[in-house]
Amino acid sequence: MAENLNLFTSTQNVIKEALTKLGYTDEMYELLKEPLRMMTVRIPVKMDDGSVKIFTGYRAQHNDAPGPTKGGVRFHPEVNEEEVKALSMWMTLKAGIVDLPYGGGKGGVVCDPRQLSMREIENISRGYVRAISQIVGPTKDIPAPDVYTNSQIMAWMMDEYSRIREFDSPGFITGKPLALGGSHGREKATAQGVTICIHEAAKKRNIDIKGARVIVQGFGNAGSFLAKFVHDAGAKVVGISDAYGGLYDPDGLDIDYLLDRRDSFGTITTLFENTITNQQLLEMDCDILVPAAISNQITAENAHNIKASIVVEAANGPTTFEATKILSERGILLVPDVLASSGGVTVSYFEWVQNNQGYYWTEEEVNKKLHDNLIKAFNNIYEVAQTRGVNMRLAAYMVGVRRAAEASKFRGWV
Ligand code: GLU
C-alpha cells in the first residue's frame, strides 16, 4: 500500500494515540481532531503592471482553550487548506510542549514571493490582514513569520492591523523588527532551539559535539543559523542544501563563506558545480542529520538508508509517520519537529509578553529563558519516551496535547 503522506490525517492519528495513552475519552479526540475555526479568504491585489490578481489565503485556529491561538503565516505556492490545518494542530502541540498559555493557529497565502516585487508582497500582506482582521488580535490569535515571511512582512501586517483598529497594536503579531517592538533573539530563536536539542540529543547518545559530522538540509532562516551555531560549537558541518541541490564535503564546509553568499531565500548551491540532490544528501554519511527545509523528506523509501544516529527535525513534518517507525526500529534517536522547532514560538511568546508589559529584555535574558525552557522540554519528553516505552514523537504529542485537553476540560467543553 502506498505510504500515507497526508500530514493532516497522520497528525490526527498520532493525536488519537496520544490521547488514548493519556486516558482521554473519544469526545476529547472529536474536539481536537480538527481546528475549531478555519477561514478561507480571497485577497484582491494590485500588481506592478496595473493588473489585479486574486490570491487565496487561510487562517486556522485549532484550539483556544489554553489562551489565544498563535502561529505563523507562510507565503508559498503549495499552501493548502489541509496543510494549514495540520500546521495549526502542531502549534497547539508546540505551545503545550514549551508550556506557553496559547493554543495553536496557522495561516498562509498561496503565492510565490520569489516571483513578486516588494510592493506586491506588501499589498498581499496588508490585504491578508484586512481579510482576517475580525478573527485575529493580541488577545485572540497572534500571527508570526513562517516559510518565506520575515520581519518586514510582520511590520506591514502590524501597521495594517493598527490602522484598522486605530490604535498601536504591537502585540498583534510577533517576529517584528526591533524598532517596532520585536524581541532580541527572535530571528535566530528557531535555530537556537534546534541547536539546544542537538546538544541534548548528542549527550544522550554520548556523541561529542566537537568533531561530530552534521548534515543540514535547508539553508533558510532555521537551517543557515543552526549550521553556524553547531559549526561554532566545534561540529563539522559536512553537508547543506537549498531548494535546488546540496553540497557535501567529508572534510567540512566553510559555513561562514556560505552564509555570506546565500540570498534572502537561502539559495546558495546555484553558485557551485559539484552539487548533489537533496535526496542524495539525506543518505550521506554523518552522525547528526537535521532536516530544516520542507515536509515529507524522510519517507518509507529512504528511511532504511539514513546513516545518521540522530535526526533532529528543524522543519515541520520532514519525516513521515511510517519513516518515524522505521527510524525508531533502527535505533535512531529522532527529535520531533514539535519539540525541536519550538524555539521560534517560545521567543514569540517572550516578544508578546514584552509588548504587553512595555518593558524590554536584553538578548542574554531572552536566550537564557529560551535555553532553560527548551532543556526542560527536551528532558521531559525524553523521560516520557523512556518510561512509557514510546518514540519521542509520540511522547512529544502526549506532552503537547495535554494542556489543550486539560484547558478544554476545565472550561467544561468536554
Ligand atoms: N512559524 C513558527 C513555527 O512554526 C513560529 C510561530 C510563532 O512564532 O508564533 O513554530
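The structure we're discussing is the one just above.
Below is a short write-up of the structure. Keep in mind the model is a prediction, meaning the values are calculated, not measured.

### Topic: the site of the ligand
And step 1. Near the ligand you find 14 residues, and of these Lys70, Lys94, Pro145, Asp146 and Ser348 are the closest.
And step 2. Here Arg186 contributes a side-chain N or O atom positioned 3.1 Å from an oxygen atom of the ligand.
And step 3. Contact between the ligand and Ser348: an oxygen atom at 2.5 Å from a side-chain N or O atom of the residue.
And step 4. Expressed as a share of its isolated accessible area of 300 Å², the protein-covered part of the ligand is 94%.
And step 5. The set of elements that each furnish at least two residues to the shell around the ligand consists of helix 3 (81–97) and helix 12 (343–357).
And step 6. The dominant element in the shell around the ligand, judged by the number of residues it contributes, is helix 12, at 3 residues.
And step 7. By residue class, the composition of the shell around the ligand is 4 nonpolar, 5 polar and 5 charged.

### Focus on the environment of Ile153
And step 1. By secondary structure assignment, the location of Ile153 is in helix 5 (residues 151–165).
And step 2. Separated by 204 residues in sequence, Ile153 and Gln357 place their C-alpha atoms 24 Å apart.
And step 3. Not counting chain neighbours up to four residues away, the residues in contact with Ile153 comprise Phe75, Ile121, Ser125 and Tyr148.

### Points about empty space enclosed by the protein
And step 1. Across all of its chains, the model carries 1 cavity of 30 Å³ or more by this definition.
And step 2. By volume, the largest cavity amounts to about 50 Å³.
And step 3. Considering the residues around the largest cavity, the lining is formed by Lys16, Leu19, Thr20, Tyr24, Thr25, Asp26 and Tyr29.
And step 4. Elements represented by at least two residues in the lining of the largest cavity include exactly helix 1 (7–22) and helix 2 (26–32).
And step 5. Per-element accounting of the lining of the largest cavity gives the leading share, 3 residues, to helix 1.
And step 6. Of the residues in the lining of the largest cavity, the class split is 3 nonpolar, 2 polar and 2 charged.

### Observations regarding the sheet that holds strand 12 (residues 333–335)
Within a sheet, each strand pairs with its neighbour through backbone hydrogen bonds, oriented either parallel or antiparallel.
And step 1. Spatial ordering of the open sheet is given by 9-8-7-10-11-12, a layout of 6 strands whose pairing is mixed. Edge strands, defined here as strands with exactly one partner in the open sheet, are strand 9 (245–248) and strand 12. Ignoring which end each strand starts from, the neighbouring axes of this sheet average 15° apart.
And step 2. In this sheet, strand 11 (residues 310–312) lies alongside strand 10 (residues 288–291) in parallel orientation, the contact comprising 2 bridges.

Procedures and definitions
Residues numbered from 1 in each chain as written. Predicted model: local features only at pLDDT ≥ 70, side-chain atom pairs only at ≥ 80, totals over all residues. Heavy atoms only, no water. Near = heavy atom within 4 Å. Polar contact = N/O pair within 3.5 Å; in protein donor to acceptor, adjacent residues only side chain to side chain. Areas by Shrake-Rupley, 256 points an atom, 1.4 Å probe, with all protein chains shown as cover. Helix = DSSP H or I, 4+ residues; strand = E, 2+ residues; numbered from the N terminus. Nonpolar A, V, L, I, M, F, W, Y, C, P; charged D, E, K, R; others polar. Contact = heavy atoms within 4.5 Å. 1 Å grid on protein atoms, 1.4 Å probe; cavity = no way out; pocket = protein on both sides within 12 Å on 5 of 7 lines; lining within 4 Å. Points joined across faces, edges and corners; volume = space filled by probe spheres on them. Pairing = 2+ DSSP bridges. Axes fitted to C-alpha atoms, helices over the stretch in contact; angles between N-to-C directions.

Read these as layout, nothing more, since geometry by itself doesn't imply function.
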